[in-house]
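Tertiary structure, described
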Amino acid sequence: MVSHGRDKKDAPSRRKKRRGRGVGDDGVGVDDAAEHAAGTGTTRRDADLPDDFSIFGGSVGGCSSNAPSDGGLDDFGLGEFGDPPDEGEEGADADGDGGAGGHGGGRAEAAATARAARLADALSLASALASERRSARREGGYRALFKAITQYAAGTSGREALELHWESVWDACRSSLQGRGGAKPSEQYVACRVLEACTVVLGEDRDDVVETLDGPLKRVVNATGRAPRVRCAALRALSMAHFVCGTDCLEEGSDASSVLDLCEAAAGDRYRGEEPPPLLRATALDCWSLLATAFHDAWVAAGDDADDADEIGRGLRLLPLLSACLDASEAGLRRSAGECVALIHECRLNLGDEDEAENATERTYRRGSWDGSEWEVLMDE
């Protein structure tokens, strides 16, 4: 059959090249606002995670990629959250020591051995997470790590086991925070929660851990293109690292005061050229309250005149912002601001001399009073 019209010429197909993004050795992607843009070169923000999203089970609505077929905990051989104990734990009294008439020593040893084995199994997965291609499997691995660290890393043995695998855990979490392998917001969120749990287990006097986490986590918080819950999780992990692991020997700019600066900036009505999400503002105030408890009361609430910048407490300079937050429409932001005000007020009361008051009532209302200070009217409101 003769075809009417012009014959079509087959044009050689051309594959579109994806635009690459540089990633620092210890930071996040070069273009944080273009995270998960699927290589199209376009700039967009990460969609926030659902309100019911949790480290324990993802989203009830099914947003979380936590199904076993997509890399849930079953794929890593660690079962689901809340699973029953191993057979060794249930039958720990089979030797007679843990029975009804025994002292339970054998059962306790068996339970400790089972916890150590589960912790070792979970930590051994960390080295493979950084090379795992599927974000769903990586997220499932982080959930397994979080469960193991928070439930099984008890005592000195648990801390030593985590220290042994800390480098591989950090490498995996850093890779996810950098957005490598198409890391989804849910994966980055659970990676931050794993880091937060690690700081608690690793314990105090660990400036090396703080120095490792400080820069990368600050960059995640500052990345306006990231999902708000990811930024909040990064700020919580950063604050917990300084609160638990940090000491007074950290350099200026990498110490707890620098995190307080970050919290105060993120809690404002304008941050990095835009209005920050209410969730981030509330989290920043919560973290500020946590870190402020590590300082002396005078550092928080001393002074009577705002003109004496070197003499007034840091919390007093925050009072105008807290007053504005108390009038906000978001309940979470109002709650966080109220807790900050209560902390500052308590620090102020603690500054007075208890011997000057005659009874408990006077110690409550006269010791460290706001009377005569520049903030008297503000605190009365």
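Residues numbered from 1 in each chain as written. Predicted model: local features only at pLDDT ≥ 70, side-chain atom pairs only at ≥ 80, totals over all residues. Heavy atoms only, no water.

1. So, the overall build of the protein
- Helix and strand counts for the protein stand at 15 helices and zero strands.
- Counting all 381 residues of the protein, 45% fall into the buried class.
- A sequence separation of at least 24 residues applies to 68% of the contacts in the protein between residues at least 6 apart.
- As presented, the protein carries roughly 20,000 Å² of accessible surface, and 47% of it is formed by carbon and sulfur atoms. (Helix = DSSP H or I, 4+ residues; strand = E, 2+ residues; numbered from the N terminus. Buried < 20%, exposed > 50% of the residue type's maximum accessible area, 1.4 Å probe, protein only. Contact = heavy atoms within 4.5 Å. Areas by Shrake-Rupley, 256 points an atom, 1.4 Å probe, with all protein chains shown as cover.)

2. Quick look at the layout of surface pockets
- Approximately 250 Å³ is the volume attributed to the second largest pocket.
- Forming the walls of the second largest pocket are His242, Phe243, Gly246, Thr247, Asp248, Leu250, Asp255, Ala256, Ser257, Leu291, Ala294 and Phe295.
- The class makeup of the residues in the lining of the second largest pocket is six nonpolar, four polar and two charged. (1 Å grid on protein atoms, 1.4 Å probe; cavity = no way out; pocket = protein on both sides within 12 Å on 5 of 7 lines; lining within 4 Å. Points joined across faces, edges and corners; volume = space filled by probe spheres on them. Nonpolar A, V, L, I, M, F, W, Y, C, P; charged D, E, K, R; others polar.)

3. Focus on helix α6 (residues 185–202)
- The end-to-end C-alpha separation of α6 is 26 Å, in line with the 26 Å expected for 18 residues at 1.5 Å each.
- Of all 18 residues making up α6, 17 are buried, and the element is well covered by its neighbours.
- Just downstream of α6 lies Gly203, where phi reads positive at about 90 degrees. (Expected span 1.5 Å × (residues − 1).)

4. A look at the confidence of the model for the protein
- On average, residues of the protein score 76 in pLDDT, and 65% of them are at 70 or above.
- Counted against residues more than four places away or in other chains, residues 5–43, with its pLDDT under 50, gives 62 contacts.
- The low-confidence segment residues 59–102 (pLDDT under 50) makes 83 contacts with residues lying over four places distant or belonging to another chain. (pLDDT = per-residue confidence, 0-100.)

5. Some remarks on the nonpolar core
- Ranked by internal contacts, the top residues of the largest apolar core, which has 80 residues, are Tyr142, Val194, Leu195, Trp288 and Leu322.
- Broken down by element, this core gets its largest block of residues, ten residues, from α6.
- When neighbours within four sequence positions are excluded, Val194 is seen to be in contact with Tyr142, Leu145, Phe146, Ile149, Val169 and Cys173. (Core = buried A, V, L, I, M, F, W, Y, C linked by side-chain atoms within 4.5 Å.)

6. Digging into the packing of helix α4 (residues 135–152) against helix α5 (residues 155–177)
- The N-to-C vectors of α4 and α5 enclose an angle of 145 degrees; their axes lie 12 Å apart at closest approach. The hand of the α4/α5 crossing is left-handed. On α5, the residues touching Arg138, Tyr142 and Ile149 of α4 are Leu162, Ala172, Cys173 and Ser176.
- Of the residues contributing to the contact of α4 with α5, the split by class is five nonpolar, one polar and one charged. (Axes fitted to C-alpha atoms, helices over the stretch in contact; angles between N-to-C directions. Left-handed = near helix turned anticlockwise from the far one by under 90°.)

7. Concerning the side chain of Ser239
- Among the structural elements, Ser239 can be located in helix α8 (residues 228–245).
- Look at Ser239 and you get buried, because its relative accessible area is 1%.
- Engagement of the side chain of Ser239 in a polar contact is seen with the backbone oxygen of Leu235, the distance being 2.9 Å.
- Ignoring anything within four residues of it in the chain, the contact list for Ser239 reads Val259, Cys287 and Leu291. (Polar contact = N/O pair within 3.5 Å; in protein donor to acceptor, adjacent residues only side chain to side chain.)

8. As for the packing of helix α7 (residues 207–222) against helix α9 (residues 256–266)
- Two numbers describe how α7 lies on α9: the axes approach to 12 Å, and their chain directions differ by 5 degrees. In terms of orientation, α7 and α9 fall into the roughly parallel class. From α7, Asp214, Lys218, Val221 and Asn222 reach across to α9, where they touch Ser258, Val259 and Leu262.
- For the contact of α7 with α9, the per-class residue count stands at three nonpolar, two polar and two charged. (Parallel < 35°, antiparallel > 145°, perpendicular 65-115°, else oblique.)

9. Observations concerning helix α10 (residues 278–292)
- Here α10 spans 21 Å end to end across 15 residues, near enough to the 21 Å set by a 1.5 Å rise per residue.
- Within α10, eleven of the 15 residues are buried, which leaves it mostly tucked inside the rest of the structure.
- Taken together, the buried positions of α10 are occupied by Leu280, Arg281, Ala282, Thr283, Ala284, Leu285, Cys287, Trp288, Ser289, Leu291 and Ala292.
- The inward-facing, buried residues of α10 contact α8, α9, α11 (297–301), α12 (314–326) and α13 (331–349).

10. Quick notes on unusual backbone geometry
- For Asp205, which is not glycine, the phi torsion reads 55 degrees and is therefore positive.
- For Asp205, a relative accessible area of 55% corresponds to the exposed category.
- Not every positive phi belongs to a glycine, and Arg272 is a case in point at roughly 55 degrees.
- Looking at the element boundaries, Arg272 is found in the loop between α9 and α10.

11. Examining the side chain of Arg314
- Within the secondary structure, Arg314 is located in helix α12.
- Engagement of the side chain of Arg314 in a polar contact is seen with the side chain of Glu264, the distance being 2.7 Å.
- For Arg314, the residues in contact, after removing those within four places along its chain, are Ser257, Leu260, Asp261, Glu264, Trp288, Trp299 and Val300.

12. Topic: the environment of Val169
- Relative to the assigned elements, Val169 resides in helix α5.
- Using a relative accessible area of 1% as the deciding quantity, one classes Val169 as buried.

13. Points about the state of the cysteines
- A complete count under the given rule lists zero disulfides for this structure.
- Summary of cysteine pairing: Cys192 is not part of a disulfide, and the nearest cysteine sulfur, belonging to Cys173, is at 8.0 Å.
- No disulfide involves Cys325; its nearest neighbouring cysteine sulfur is the one of Cys340, lying 8.7 Å away.
- Since its relative accessible area comes to 1%, Cys325 is described here as buried. (Disulfide = S-S within 2.5 Å.)

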